[in-house]
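Coordinate analysis (summary)
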Amino acid sequence: MVLMPVLCPHCHSDQVIKGGKTKTGTERYKCENADCPRYSFQLHLTYKGRLPEIKEQVVDMSLNGSGIRDTARVLKISPTTVINELKKRACAHLGEPTAPQHVAA
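What you see is a predicted model, and the numbers here were worked out from it, not measured in a lab. (Residues numbered from 1 in each chain as written. Predicted model: local features only at pLDDT ≥ 70, side-chain atom pairs only at ≥ 80, totals over all residues. Heavy atoms only, no water.)

**Focus on the overall build of the protein**
Which entries qualify depends on this criterion: Secondary structure is summarised from DSSP: a helix means a run of H or I of at least four residues, a strand means a run of E of at least two, and numbering begins at the N terminus for each. A 1.4 Å probe rolled over the protein chains alone gives each residue an accessible area, and that area as a share of the maximum for its type sets the label: buried under 20%, exposed over 50%, partly exposed in between. Computed with the Shrake-Rupley method and a 1.4 Å probe, the accessible areas treat only the protein chains shown as cover for residues.
Counting secondary structure elements, the protein contains three helices and three strands. In the protein, the order of α-helices and β-strands from amino to carboxyl end is β-β-β-α-α-α. Looking at the 105 residues of the protein, the share that counts as buried comes to 21%. In the form shown here, the protein has an accessible surface area of approximately 8,500 Å², with 55% of it arising from carbon and sulfur atoms.

In structure tokens:
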């Protein structure tokens, strides 16, 4: 029997305990580090749309001119997930100050 340590993906602490199971039957873990920004997490997500790599691909495909349905079909996720991710990114960018533009006089 080999014991594999489970590390928190947010704070990389090894102070992790089992925290039950999800509706789909995957194991849920809880981080006991007081400084951790998150409390519970899963090692293996069942829905690919929540993976950070997929979220980045959604934004990249959007910037390259792919439509919502095309992006959803290629990445095998819901079109609603694509729309929600693009809305989150748009709101995040609206709050940032824009770079000053130089105008030739």
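There's plenty left to go through after this.
**Looking at the packing of helix α1 (residues 52-63) against helix α2 (residues 68-75)**
Any two packed helices are characterised by the angle at which their axes cross and by the distance between the axes. We count it as follows: In this analysis an axis means a line fitted to C-alpha atoms, helices contributing only their contacting stretch, and an angle means the value between N-to-C directions, from 0 to 180 degrees. Note: crossing handedness is left-handed where the near helix turns anticlockwise from the far helix by less than a right angle, and right-handed where it turns clockwise. Only heavy atoms enter the contact rule, under which two residues are in contact if any of them lie within 4.5 Å.
Remark: α1 packs on α2, axes separated minimally by 10 Å, with the N-to-C direction vectors making an angle of 145 degrees. Read as a crossing pair, α1 and α2 show a hand that is right-handed. Two secondary-structure elements touch here, α1 through Ile54, Gln57, Val58 and Met61 and α2 through Thr71, Val74 and Leu75.

**Considering unusual backbone geometry**
With phi around 60 degrees, His12 is a residue other than glycine that occupies positive phi space. Counting through the fold element by element, His12 comes out in the segment before β1 (16-21).

**A look at the packing of aromatic side chains**
The geometry of an aromatic ring pair is captured by the separation of the ring centres together with the interplanar angle, meaning the angle of the planes. Heads up, the rule is: Two aromatic rings from Phe, Tyr or Trp, using only the six-membered ring of Trp, form a pair when their centres are within 6.5 Å; if the ring planes differ by under 30 degrees the pair is stacked, by over 60 it is edge-to-face, and anything between is tilted.
Considering all chains together, one arrives at one aromatic pair under this definition. Here Tyr29 and Phe41 contribute two aromatic rings whose centre-to-centre distance is 5.9 Å and whose plane-to-plane angle is 25 degrees, an arrangement assigned as stacked. Residue Tyr29 is found in strand β2 (residues 27-31), and its partner Phe41 is found in strand β3 (residues 40-41); the two are separated by 12 residues along the sequence. You can call Phe41 buried: its relative accessible area is 6%.

**Some details on the side chain of Thr26**
To keep things clear, this is the line we draw: Any pair of N or O atoms that falls within 3.5 Å is considered a polar contact. Within protein, one atom must be able to donate a hydrogen and the other to accept it, and sequence-neighbouring residues count only if both atoms are side-chain atoms.
For Thr26, the position within the fold is in the loop between β1 and β2. Within polar-contact distance, the side chain of Thr26 engages the side chain of Thr22 at 2.9 Å. Not counting residues within four places of it along the chain, the set of residues in contact with Thr26 comprises Gly20, Lys21, Gln42, His44 and Thr46.

**Side note on the packing of α2 against helix α3 (residues 79-94)**
Basically, it comes down to this: For this scheme, ten residues count as nonpolar: Ala, Val, Leu, Ile, Met, Phe, Trp, Tyr, Cys and Pro. Four count as charged, namely Asp, Glu, Lys and Arg, and the remainder, Gly too, count as polar.
Relative orientation of the contacting elements α2 and α3 amounts to 115 degrees, with a least axis distance of 8 Å. By crossing handedness, the relation of α2 to α3 is classed as right-handed. Residue-level inspection shows Ile68, Thr71 and Ala72 of α2 in contact with α3, the latter providing Pro79, Val82 and Ile83. For the contact of α2 with α3, the residue count by class is five nonpolar, one polar and no charged.

**Digging into the pattern of salt bridges**
The condition that has to hold: Here a salt bridge means any side-chain nitrogen of Lys or Arg lying within 4 Å of a carboxyl oxygen belonging to Asp or Glu.
On inspection of all chains with the given rule, the structure shows three salt bridges. Arg89 is the partner of Glu56 in a salt bridge, and the nearest nitrogen-oxygen pair spans 3.2 Å. Taken together, the residues Glu56 in helix α1 and Arg89 in helix α3 connect sequence positions 33 residues apart. Owing to a relative accessible area of 37%, Glu56 belongs among the partly exposed residues under this scheme.

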